[in-house]
Amino acid sequence: VQLQAYGGGLVQAGGSLRLSCVASGRTNNMGWFRQAPGKERDFVAGIAWDDSTKYSDSVKSRFAISRDNMKNAVYLQMNSLKPEDTAVYYCAADNSIIILTTPRMIDYWGQGTQVTVSS
């Protein structure tokens, strides 16, 4: 499965961005991770085949993940962005029975899209 992510960019603090990711095939779970310079790749949000979701504490109530199974797509609506949200965001997908939050267990990765939030 190949993943193609779109939608990164530069935004001021408090602004919004929407990331999109399209997969070449269907998977059980899709989601987003992010990696800031000099830091490890961290889980952001995930959505399962039944539309159940999971969020990291740092983005809960600000970000919303959704998916379109007909299009094999996943979206991340990011609101109230903060400078600490600046990172490369990676689309992820896997066929686990649960939403995975550990990067080394993910089956498929997209190429990453830069999100920069200015203060």
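Remember, it's a predicted structure, so these values are computed and weren't measured experimentally.

Trainee: In this structure, what is going on with the environment of Ala-13? I would like to understand it.
Mentor: With respect to the helices and strands, the residue Ala-13 is situated in the loop between β2 (9-12) and β3 (17-23). Judged by relative accessible area, which is 42%, Ala-13 ranks as partly exposed. Residues Ala-13 and Lys-82, 69 residues apart in the sequence, show an inter-C-alpha distance of 5.0 Å. Discounting chain neighbours no more than four positions away, the residues touching Ala-13 are Leu-81, Pro-83, Val-117, Ser-118 and Ser-119.

Trainee: Looking at this structure, how should I read the environment of Phe-63?
Mentor: By secondary structure assignment, the location of Phe-63 is in strand β7 (residues 63-68). With a relative accessible area of 5%, Phe-63 lands in the buried category. Sequence separation of Phe-63 and Gly-110 is 47 residues, and the distance between their C-alpha atoms is 19 Å. Apart from residues lying up to four places away in sequence, Phe-63 is in contact with Arg-34, Val-44, Tyr-55, Leu-76, Gln-77, Met-78, Asn-79, Leu-81, Asp-85 and Tyr-89.

Trainee: Mind showing me how you'd approach unusual backbone geometry here?
Mentor: What you tend to see is this: most non-glycine residues have negative phi, and most peptide bonds are trans. Even without being glycine, Ser-61 reaches a positive phi, approximately 80 degrees. Looking at where Ser-61 falls in the secondary structure, it is placed in the loop between β6 (53-55) and β7. Taking relative accessible area as the criterion, Ser-61 reaches 75% and is therefore assigned exposed. Here the phi dihedral of Asn-72 falls at roughly 55 degrees; this positive angle occurs in a residue that is not glycine. Tracing the backbone shows Asn-72 in the loop between β7 and β8 (73-78).

Trainee: Hey, could you run me through the sheet that holds β3 in this one?
Mentor: The pairing of strands in a sheet comes from backbone hydrogen bonds and takes either a parallel or an antiparallel form. On the basis of which strands lie adjacent, the open sheet formed by four strands has the order β1-β3-β8-β7 and antiparallel pairing. Edge positions in the open sheet fall to β1 (3-6) and β7, since each of these has one partner strand only. With direction set aside, neighbouring strand axes in the sheet form an average angle of 15 degrees. Summarising the sheet, β3 and β8 pair through six bridges and their orientation is antiparallel. Bridging across to β8, Leu-19 finds its partner in Leu-76.

Trainee: Would you mind going over the packing of aromatic side chains with me for this structure?
Mentor: For any pair of aromatic rings, the description rests on two quantities: the centre-to-centre distance and the angle between the ring planes. Within the structure shown, the criterion is met by three aromatic pairs. Here Phe-33 and Phe-43 contribute two aromatic rings whose centre-to-centre distance is 5.6 Å and whose plane-to-plane angle is 75 degrees, an arrangement assigned as edge-to-face. Taken as a pair, Phe-33 in strand β4 (residues 29-35) and Phe-43 in strand β5 (residues 42-47) lie far apart in primary sequence, ten residues in all. When its relative accessible area of 1% is taken as the criterion, Phe-33 is described as buried. Between the aromatic rings of Phe-33 and Trp-109, the centroid separation amounts to 5.1 Å while the plane-to-plane angle is 70 degrees, which identifies the pairing as edge-to-face. Of this pair, Phe-33 sits in strand β4 while Trp-109 is found in strand β10 (residues 108-109), placing the two residues 76 residues apart along the sequence. Through a chain of ring-to-ring contacts, the aromatic side chains of Phe-33, Phe-43, Tyr-90 and Trp-109 assemble into a single cluster. Lying over the aromatic face of Tyr-90, Arg-41 brings its terminal NZ or CZ to 3.6 Å of the ring centre. The lysine or arginine in question, Arg-41, covers the ring of Trp-109, its NZ or CZ lying 4.6 Å from the ring centre.

Conventions and cut-offs
Residues numbered from 1 in each chain as written. Predicted model: local features only at pLDDT ≥ 70, side-chain atom pairs only at ≥ 80, totals over all residues. Heavy atoms only, no water. Helix = DSSP H or I, 4+ residues; strand = E, 2+ residues; numbered from the N terminus. Buried < 20%, exposed > 50% of the residue type's maximum accessible area, 1.4 Å probe, protein only. Contact = heavy atoms within 4.5 Å. Pairing = 2+ DSSP bridges. Axes fitted to C-alpha atoms, helices over the stretch in contact; angles between N-to-C directions. Phe/Tyr/Trp six-rings, centres within 6.5 Å; stacked < 30°, edge-to-face > 60°. Lys NZ or Arg CZ within 6 Å of the ring centre and 35° of its normal.

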